[in-house]
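# Examination of the molecular architecture
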Amino acid sequence: CPLRRGPIAFNGPGGFVGAMDYAGSCENNPQAHWQGFRGIIQPKNQAPVTLMSITDGTSNCIAVSEKELSIRNLSTGNDQCDNAGFTWGYDFGSSGNWDNTLERADVQVAMDGANGLAGTGNGTHGFGSRHIGKMNACMCDGSVQGISYSVTKTVFERLCYINDGNVIPSNSF
């Protein structure tokens, strides 16, 4: 995000990496998984997402958004949400290390540093940005919507799930 930083590479766990200010939306709430709800991004052992499987509608589901990061450790490689770059992936090393490319739907959306994990210097593993009042999200239809930091966790989770049957009108976020 140009508001946060320009293109940058820094030394991460596997050498120099390109920083990533955006993350994909994935289902990671265990309760949602048991109920069969899915996010747009799936691990390699899951069936791929198709347009037909986005039953809540492509304009009602988040594909990619800005992620909340630690201001103190921005671009240093010391924030586990900002230390491995865009190549990290969902299943990197079979260890489930998804922090750099995917974020949690069940964490309150926040401005950078507002809800960082206390004392750790890490982001929240949730979505957010440097923007005042809201972050930007790319919906599955390619449109971009502003999402208010005051959106409830329940509404935000429903925006991240592609098939929970809870279609959220755009005036709700």
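The sections below set out a description of the structure shown in this document. (Residues numbered from 1 in each chain as written. Predicted model: local features only at pLDDT ≥ 70, side-chain atom pairs only at ≥ 80, totals over all residues. Heavy atoms only, no water.)

## Brief notes about the overall build of the chain
Note the cut-off: Labels follow the DSSP assignment, with helices taken as runs of H or I lasting at least four residues and strands as runs of E lasting at least two, numbered in each case from the N terminus. Relative accessibility under 20% of the residue-type maximum defines a buried residue, over 50% an exposed one, and the middle range a partly exposed one, all with a 1.4 Å probe and only protein chains included. Any two residues whose heavy atoms approach within 4.5 Å are treated as being in contact.
The helix and strand inventory of the chain stands at 2 helices and 9 strands. A total of 173 residues make up the chain; the buried ones form 48% of that total. Across the chain, contacts joining residues at least 24 apart in sequence account for 61% of those joining residues at least 6 apart.

## Considering the nonpolar core
Going by this rule: As used in this record, nonpolar core signifies buried Ala, Val, Leu, Ile, Met, Phe, Trp, Tyr and Cys residues forming a set joined through side-chain atoms within 4.5 Å.
Within the largest apolar cluster, 17 residues are counted, with the highest numbers of intra-cluster contacts made by Ile62, Met135, Ile147, Val151, Phe156 and Leu159. Take this core: its biggest share by element is 4 residues, from helix α2 (residues 153-160). Each residue touching isoleucine 147, except ones within four places of it in the same chain, is listed here: Ile62, Gly133, Lys134, Met135, Ala137, Phe156, Leu159 and Phe173. Ranked by size, the runner-up nonpolar core spans 6 residues in total, among them Ile54, Cys61, Ala63 and Cys140.

## Structural notes on unusual backbone geometry
One non-glycine residue, serine 75, lies in the positive phi region at around 65°. Here serine 75 is to be found in the loop between β4 (62-66) and β5 (102-104). Residue serine 75 is classed as buried on the basis of its relative accessible area of 17%.

## Some details on the sheet that holds strand β9 (residues 144-148)
The condition that has to hold: Between any two strands, at least two bridges found by DSSP are needed for them to pair. Geometry is summarised by axes, namely lines fitted to C-alpha atoms with helices restricted to the contacting stretch, and by angles between N-to-C directions that run from 0 to 180 degrees.
The strand order across the open sheet built from 5 strands is β5-β3-β4-β8-β9, with neighbouring strands paired in mixed fashion. Here the strands that pair on one side only, and so sit at the sheet edges, are β5 and β9. For this sheet, the mean angle separating the axes of adjacent strands, direction not counted, is 40°. Of the strands in this sheet, β3 (22-26), β4, β5, β8 (134-139) and β9 are in contact with α2, which crosses β4 at around 125°.

## Considering the environment of histidine 125
Along the polypeptide, histidine 125 turns up in the loop between β6 (110-111) and β7 (128-129). Placed 24 residues apart in sequence, histidine 125 and threonine 101 show a C-alpha to C-alpha distance of 9.9 Å.

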